[in-house]
Amino acid sequence: MNAAMASNSSGGGSDRQRIAQQRLRIIAGHLRRPVDVDSTILAAECKAQDSKTDVSSEGKTVPRRRQEIMKWNGWGYSDTKFLFNKKGQAEFTGKRYKLSGMIMPALKDWLEDTFGTNLQHKSPATPILTSSAVQPPTLNEAFVEELKSTGIPFSHDAEDRVFRAHGHCLHEIFALREGKVGRVPDLVVWPNCHNDVVRIVELACKHNVCLIPYGGGTSVSSGLECPPEETRSIVSLDTSQMSRILWIDEKNLTAHMEAGIVGQDLERLLNESGYCTGHEPDSMEFSSLGGWVATRASGMKKNIYGNIEDLVIRVKMVTPQGVIEKSCLGPRMSTGPDIHHFIMGSEGTLGVVTEVTMKIRPMPEYQKYGSVVFPNFEQGVACLREVAKQRCAPASIRLMDNEQFKFGHALKPQVSSMFTSFLDGLKTFYITKFKGFDPNCLCVATLLFEGHREKVLQHEKQVYDIAAQFGGLAAGEDNGQRGYMLTFVIAYLRDLGMDYYVIGESFETSVPWDRVLDICRNVKLRIIQECKDKGVQFQPLASCRATQTYDSGACVYFYFAFNYRGLSDPVHVFEEVEHAAREEILANGGSLSHHHGVGKLRKEWMREAVSNVGMGMLKSVKDYVDPNNIFGNRNLL
Amino acid sequence: MTDTCQHSGGAGPENEEEFVDILEERRLRSDLGHALRTFRPSPYKGGPSCSAADLPKIVLESQHLRYVVKEIATETGASPEEVREEASAILEEMSQNLQLGFIRLLGYIFTKVFKRLFTSINVNMEGLKALQQAIQESPVILLPNHRSYVDFLVISYIMFTYDIPVPVIAAGIPLAGMKIVGAIIRRSGAFFIRRAIGSDKLYWAVMSEYVRTIIKTGFAPLEFYVEGLRSRTLKSLMPKLGMMHMVLEPYFKGEVYDIQLVPISLSYDRVLEESLLALELLGVPKLKESTTGLLKASKVLQDDYGIMHVNFGRPMSVRRLCRGKINLRQYNLIPRDLPQKPRAEAQACVSWLAHLMVRIQEEGSLISPWSLMACLLLQAPTAVLTEQGLPWHQLTEKTIWLRKLALDFGARLNWPAQVPDPDVMSSAVALHHSVVRREAGRVYLVREEEPERKRPISPEEDVIRSAAAVLMMVSYRNQSLHLFVRPALLATAIGVTKTAQRDELFAFFCFLRDVFSNEFIFIPGESSQDFEEACVLLRKCGAVHISEQEVTASDAGLEALSFLQALLQPFIDSYQVMFRFLCEDKVHVFAEKQFLPAVRNLATKLILSGELHTYETLSSDTQKNVLSALRRLETLAKLESSEQNEYRVVNKAAVRRIGDILSGKIPPQMLQAAPDAKL
């Protein structure tokens, strides 16, 4: 039994009972005007549910002590990683993924050919975190005393603090691997419910303590970095224990969740009730609902389900000025500027998102992967544009460039039978020799269709017909499925690269259709040129893919990595190249960010991105909501 | 020599480039074999290849053209189909039709002709190699200077010979009108543009789309003359910006990653058109380009034209050049296909770049001994040259001295090291037998034979006769002017103002630079650098001492300073004559057509009366430059309504003031010191 079903069934039983309960709730709502009354009731709820979650604790992915299951200086689970086994073959360890336990014979050659790496030249990480590397915490005694009295769990253990001092930017992970730790939070606190958060924020205001909300820790915008200039005690507010589904409304197809729930739990739990949100960002294993809201996240299947701003019905956020929320669950409102848009994308600068009401959908009856090979990237983009024009995009459609296509091949697991390998050979022969595709130009689109079986098949035909107009050849379900699976393992691969002097990062933008090709070409060339100018000794990997289509443009993802052997300050070089790449993106009409957010990494361009007045508007909101900069992560503004 | 004045970077005279005579091999092997050689160019790798036949289709179907067609249809009431037809016709008139067969045919003819005309055609192989590389990496723009009709033929010929894709060339439409030749030139890759496009929106749209498409698709290297025209005076012309902007737009709009600019300096020992040019400058109308005209010119082919140098500059990345000069995000908010007026920032950037290219062409050109001799000959009174002649030893001694000065200034000299100096100079004079002759140890100016006439020649006619010869010599002097002009401005500033104060000299320097910026090429906004360069060079040759506050002439430097000041004197004198003319009470509104002969008459009178010592005032080029300068300085206005070029004197007082400053009547303290300040 899980939280979702529990809360649902607690209201269950007969219709009469449900209606009675609902009336009670409405009446209670009328009565609950004054804030403190409201909070006492919620506090009671909070406790009641506490016991329930204990029951379903095995359903929860993220423990308080993240180090129990996750790496402290790399991506994901401790038991899962790429390595080269004794035979020198690449292997993916663990049991969690489809690829787990498999051998990828082509990966070694790909790494060597692409980056000039050599298995003899290793750059291993510092194995364990030495506590002496971590500054002792600056504690605000009065705050700690009062916090203790609330009974909300907290810790100032060095490991706990280091875990919450970073996201997954290259420079952050690189520093950890070298055992270097900068400014970290002085205290970590684990609120259990909305009310706990209210109390923590009150105390923080009272004692002038800096709060940094922490959800899944997957930020790639330096959003979690502690500002080095911060002199106050920094408290990391970890929402991971607020991860319950509070109710599911089957009539209106909405669900109400605590904001700390991570994507995989949310989907799994909803699936058990036959529902889904359909919001699947690539980081969904670890990223949290609150984080999605705070960064304006986007999911892979947004074509059907929408991005986070389309999915959210109501948000509750605790700020130094109190709680901000809407008064109803109406599907759309004309009540001035939408206050949700102050919350979405606020990146933890205004408060903590504690609860979210979100649209849900019945789970799709049928899912089908697919893929199309195009002779070149230009044709592929033209096809995506046409698909967008006809508004018939499948749940997901992504176009990888030639470099990524080759990379995908490198991750093909060892085939068990001669027959499959023979078939693969035949396919390759057909495409390159018979159809005349240049293996150094061709690119692949991966597709995911969802819905009713018949409609999916119909839809599929429509999309393949369009693809055919642009010289595309259907390349099977397997290729498609592997493409999507790779999304989850690619982050692990960076850690492998870093063991062999390869550092890399991905970054994204959104851009009008007519500029997609230009931006892809120019940014890739800029990366290559900058690497050369900055003394990188090896040819870098610069690759891209179009991951989302919109009516008027697309989201483009860039991957960039290089072998840093011979560089004295590789991270600095890396950051300079990344900076140049962003300049190039902006010069070519791309946005500052499509969904990663601004954080501190892209702050310098913010004013230009939204104009002086826009900046002033955002600042004045910040000044009103948080005049003492309690939420002091200094993101965005 | 500092790096600041060597824009072309590594290719300075310190590391003199190796030039190879490309005719040498031709003289040894079969011309036909050369014409039929296997041509294996390595084209641009970046773009989808596009055939010549596709080009017009891509242009006509472009969003940009569709938009303009629709707009014009709405404005004129014509149907879009009609406008499209018109666009199609324009495109047909314009299009090149590059065919390898014709390149081969021309290759064959050119080998024959070039071998006859030139002793050698020297090409820097390193530059050619760099070009070959650049062409594979990005779209390339070839920017030769324009001194002769032969220019573009020579470049295509070299490209063909060395397996480099043959360029598509922007040519003036009059060439297209020539029978057969027009067709041949078209087939060798030229496309034709009208001279005065003005406000013809459709023409402008077709042409710019055509150019953009060539660049975006990397169809072929594009070649055009940044100076716009063939320089009649062999002096660099102020760059024209329209084509330059068109060419850079694909980069500004992110349609290509980069564009490489390759300035090319062609230097002729002797220009085929020399005598025609002088006559043209004196008001004898330009012969319309016609095939028969060309055939008549074939007697030209009997003569020797010495050495020709083709110096390929290093490819320069537009991306690097424009860094920090233009914010490309301005192109992101309006669809790129819509016709847009370039913003001030873009215009400034294009202008800067265009000027820079001309400067690099100047720096890359080779200065012949004859050009140095012409500088010196022109400083002798014309009467001396025509009557008693200049002692040969005097000329040669002075030339050797000037060679030293030129080398100090960083010149690329074409002075053969293995030949004794006297022989070098003798053969220079021999090559230019049409301008000077050496007789009994003296050098004389060659004037056209007096025609047999009944009546004696009038003094005015005699002036023109001398002028033709002088102007020919002037154009050879002009070949090396760019080398001396900055120090000459400073020398003049020192000479006129008699001050040593650095800031006052700088102010006067800026004033001169401003007045003469139609005459010489100065990069906009770089007056401080120019001044700095002038100071450094004058110090280097020992002409001045420089301290923080002062620039003082040294005793040893008087020779150099007076030479430099004298070099600029004809320009100052000519400008003064025209200022004087414009300040006359009766002059208010005038057409260019009236101005030119009026000034010519006035100058002739002044020359005869001994008041004016230079014949350069008679050159229509100088005359037109004065008009442009005064227009730029907002003392003259061009009448918008007028069909002919009509001008109105807006501010006589200002014209007078410029004249007074120039003659030193107004002290330099009265000038603003701000760089590039408008007067």
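Residues numbered from 1 in each chain as written. Chains lettered and ligands numbered in written order. Predicted model: local features only at pLDDT ≥ 70, side-chain atom pairs only at ≥ 80, totals over all residues. Heavy atoms only, no water.

- If you check an unreviewed UniProt entry, chain A appears there as Alkylglycerone-phosphate synthase from Cyclopterus lumpus.
- Recorded in UniProt under Sequence similarities (unreviewed entry), the annotation for chain A is "Belongs to the FAD-binding oxidoreductase/transferase type 4 family."
- Its UniProt record, at the heading Cofactor (unreviewed entry), says of chain A: "FAD". (UniProt positions renumbered as here; feature names shortened; annotations may be inferred.)

**Regarding the overall build of chain A**
Right, on to step 1. Across its full length, chain A carries 21 helices and 21 strands.
Right, on to step 2. Contacts in chain A between residues at least 24 apart in sequence constitute 77% of all its contacts with a sequence separation of at least 6.
Right, on to step 3. When the accessible area of chain A is evaluated, it comes to approximately 27,300 Å², of which 54% is carbon and sulfur surface. (Helix = DSSP H or I, 4+ residues; strand = E, 2+ residues; numbered from the N terminus. Contact = heavy atoms within 4.5 Å. Areas by Shrake-Rupley, 256 points an atom, 1.4 Å probe, with all protein chains shown as cover.)

**Quick look at the overall build of chain B**
Right, on to step 1. If you tally the helices and strands in chain B, you get 27 helices and 17 strands.
Right, on to step 2. For chain B, the C-alpha radius of gyration of 25 Å lies close to 26 Å, the compact-globule estimate for 679 residues.
Right, on to step 3. Projected onto its principal axes, the C-alpha positions of chain B cover 65 × 60 × 60 Å.
Right, on to step 4. The buried share of chain B, taken over its 679 residues, is 57%.
Right, on to step 5. For chain B, restricting intrachain contacts to residue pairs at least 6 apart in sequence, the fraction spanning at least 24 positions comes to 78%.
Right, on to step 6. Looking at chain B as shown, the accessible area adds up to about 28,500 Å², and 54% of this sits on carbon and sulfur atoms.
Right, on to step 7. Side-chain charges in chain B split into 78 positive and 79 negative, and the spacing between the mean points of these groups amounts to 3 Å. (Rg over C-alpha atoms; globule rule 2.2 N^0.38 Å. Buried < 20%, exposed > 50% of the residue type's maximum accessible area, 1.4 Å probe, protein only. Lys, Arg positive; Asp, Glu negative; His and termini not counted. Charge placed at Lys NZ, Arg CZ, Asp CG, Glu CD.)

**Overview of the packing of aromatic side chains**
In this description, a pair of aromatic rings is defined by centroid distance and the angle of the planes.
Right, on to step 1. Per the counting criterion, the structure on display carries 41 aromatic pairs over all chains.
Right, on to step 2. Among the aromatic residues, those joined into a ring-pair cluster are B:Phe516, B:Phe520, B:Phe522, B:Phe571, B:Tyr575 and B:Phe579.
Right, on to step 3. One cation-aromatic arrangement involves A:Lys524 over A:Phe377; the distance from NZ or CZ to the ring centre is 5.8 Å.
Right, on to step 4. Taking the ring centre of B:Tyr257 as reference, the NZ or CZ of B:Arg319 above it sits at 3.8 Å. (Phe/Tyr/Trp six-rings, centres within 6.5 Å; stacked < 30°, edge-to-face > 60°. Lys NZ or Arg CZ within 6 Å of the ring centre and 35° of its normal.)

**Here we look at the environment of B:Leu471**
All names here are of chain B.
Right, on to step 1. Residue placement: Leu471 occurs in helix 21 (residues 459-497).
Right, on to step 2. The class for Leu471 is buried, based on a relative accessible area of 4%.
Right, on to step 3. A sequence separation of 145 residues divides Leu471 from Glu616, and the C-alpha atoms of the two residues are 6.8 Å apart.

**Focus on the state of the cysteines**
Defined simply, a disulfide is a covalent bond joining two cysteines at their sulfur atoms.
Right, on to step 1. One pass over the full model with this rule turns up zero disulfides over all chains.
Right, on to step 2. Among the cysteines around A:Cys555, which has no disulfide bond, A:Cys520 carries the closest sulfur, lying 10 Å off.
Right, on to step 3. Not part of a disulfide, B:Cys510 finds its nearest cysteine sulfur in B:Cys535, a span of 11 Å.
Right, on to step 4. When its relative accessible area of 9% is taken as the criterion, B:Cys510 is described as buried. (Disulfide = S-S within 2.5 Å.)

**Some details on the environment of A:Val598**
Residue and element names in this part refer to chain A.
Right, on to step 1. If you trace the backbone, Val598 turns up in the loop between helix 20 (570-587) and helix 21 (606-625).
Right, on to step 2. Sequence spacing of Val598 and Gly345 is 253 residues, and the spatial spacing of their C-alpha atoms is 8.7 Å.
Right, on to step 3. Those residues in contact with Val598 that lie beyond four places of it in its chain are Ser221, Glu347, Leu592, Lys603, Met606 and Leu636.

**Comments concerning helix 12 (residues 242-252) of chain B**
Residue and element names in this part refer to chain B.
Right, on to step 1. The buried count for helix 12 comes to ten of eleven residues, which makes it a mostly enclosed element.
Right, on to step 2. The complete set of buried residues in helix 12 reads Met243, Met244, His245, Met246, Val247, Leu248, Glu249, Pro250, Tyr251 and Phe252.
Right, on to step 3. Phi for Gly254, located one or two positions after helix 12, is positive at around 75 degrees.

**Regarding the sheet that holds strand 3 (residues 103-104) of chain A**
Residues and elements named next belong to chain A.
Right, on to step 1. Here we have three strands laid out as an open sheet, ordered 1-2-3, and antiparallel in their pairing. Two strands lie at the open edges of the sheet, namely strand 1 (82-84) and strand 3, each paired on one side alone.
Right, on to step 2. As defined by bridge partners, strand 1 adjoins strand 2 (residues 90-92) across three bridges and the pair is classed as antiparallel. Its bridge partner being in strand 2, Phe84 is matched across the sheet by Ala90.
Right, on to step 3. Seen against the sheet, helix 18 (residues 477-499) touches strand 1 and strand 2 and runs at an angle of roughly 45 degrees to strand 1. (Pairing = 2+ DSSP bridges. Axes fitted to C-alpha atoms, helices over the stretch in contact; angles between N-to-C directions.)

**Considerations on the UniProt feature "binding site: substrate" (unreviewed entry) in chain A**
Residue and element names in this part refer to chain A.
Right, on to step 1. Feature annotation in UniProt places "binding site: substrate" (unreviewed entry) on Arg494, given in this structure's numbering.
Right, on to step 2. Summarising the element assignment, Arg494 is placed in helix 18.
Right, on to step 3. Overall, Arg494 belongs to the buried group, its relative accessible area being 17%.
Right, on to step 4. Leave out the neighbours within four places in its chain, and Arg494 touches His168, Cys169, Leu170, Ile173, Val502, Gly504 and Glu505.

**Here's the deal with the interface of chain B and chain A**
Right, on to step 1. Across the contact, 14 residues belong to chain B and 17 residues belong to chain A.
Right, on to step 2. Surface buried jointly by chain B and chain A totals about 1,300 Å² across both partners, of which 28% is contributed by carbon and sulfur atoms.
Right, on to step 3. Considering only the surface of chain B that becomes buried against chain A, B:Tyr257, B:Arg329 and B:Arg336 emerge as the three largest contributors, covering 49% of it.
Right, on to step 4. At the junction of chain B with chain A, the criterion picks out six salt bridges.
Right, on to step 5. When the shortest N-O distance is used, the salt bridge between B:Arg319 and A:Glu584 registers 2.7 Å.
Right, on to step 6. For the interface between chain B and chain A, the tally reads 17 residue pairs in polar contact (both at pLDDT 80 or more).
Right, on to step 7. Of the residues that constitute the side of chain B that touches chain A, the class distribution is four nonpolar, three polar and seven charged. (Buried area = accessible area lost by both parts, 1.4 Å probe. Salt bridge = Lys/Arg side-chain N within 4 Å of Asp/Glu carboxyl O. Polar contact = N/O pair within 3.5 Å; in protein donor to acceptor, adjacent residues only side chain to side chain. Nonpolar A, V, L, I, M, F, W, Y, C, P; charged D, E, K, R; others polar.)

**Notes on the pattern of salt bridges**
All names here are of chain B.
Right, on to step 1. Taken as a whole, this structure holds 78 salt bridges over all chains when the rule is applied.
Right, on to step 2. Put simply, Arg29 and Glu25 hold a salt bridge, and the shortest N to O gap is 3.3 Å.
Right, on to step 3. In the salt-bridge network here, residues are joined through shared partners; they are Glu209, Arg212, Lys216, Glu249, Lys253 and Glu255.

**Observations regarding the packing of helix 19 (residues 516-533) of chain A against helix 20 of chain A**
Residues and elements named next belong to chain A.
Right, on to step 1. With their axes 9 Å apart at the nearest point, helix 19 and helix 20 run at an angle of 155 degrees to one another. Viewed along their axes, helix 19 and helix 20 adopt a mutual orientation that is roughly antiparallel. Crossing hand, helix 19 versus helix 20: right-handed. Residue-level inspection shows Ile519, Asn522, Val523, Arg526, Ile527, Glu530 and Cys531 of helix 19 in contact with helix 20, the latter providing Val577, Ala580, Ala581, Glu584 and Ile585.
Right, on to step 2. Residues belonging to the contact of helix 19 with helix 20 are distributed by class as follows: eight nonpolar, one polar and three charged. (Parallel < 35°, antiparallel > 145°, perpendicular 65-115°, else oblique. Left-handed = near helix turned anticlockwise from the far one by under 90°.)

**Here's the deal with the pairing of strand 5 (residues 190-193) of chain B**
Residue and element names in this part refer to chain B.
Right, on to step 1. Neither face of strand 5 is exposed, since Ala190 and Phe192 on one face and Phe191 and Ile193 on the opposite face are all buried.
Right, on to step 2. Relative to strand 5, strand 4 (residues 168-172) is paired through four bridges, and the arrangement is parallel. Along strand 5, the bridge assignment pairs Ala170 with Phe191.

**Quick word on the side chain of A:Ser288**
Right, on to step 1. Here A:Ser288 lies in the loop between strand 10 (275-276) and helix 10 (289-295).
Right, on to step 2. In this structure A:Ser288 touches A:Gly215, A:Gly216, A:Ala259, A:Gly260, A:Ile261 and A:Val262, once residues within four positions along its chain are discounted.

**Notes on the pairing of strand 9 (residues 254-258) of chain A**
Residue and element names in this part refer to chain A.
Right, on to step 1. The element strand 9 is largely enclosed, with a buried count of five among its five residues.
Right, on to step 2. A two-sided burial pattern is seen for strand 9, the buried positions comprising Thr254, His256 and Glu258 on one face and Ala255 and Met257 on the other.
Right, on to step 3. As paired elements, strand 8 (residues 245-249) and strand 9 share four bridges and run antiparallel to each other. By the bridge assignment for strand 9, Asp249 is matched with Thr254.
Right, on to step 4. The turn linking strand 8 back onto strand 9 is made up of four residues, and Leu253 within it adopts a positive phi angle of 55 degrees.
Right, on to step 5. Note: strand 9 against strand 13 (residues 352-359), five bridges, orientation antiparallel. Residue pairing across strands places Met257 opposite Val356, the latter belonging to strand 13.

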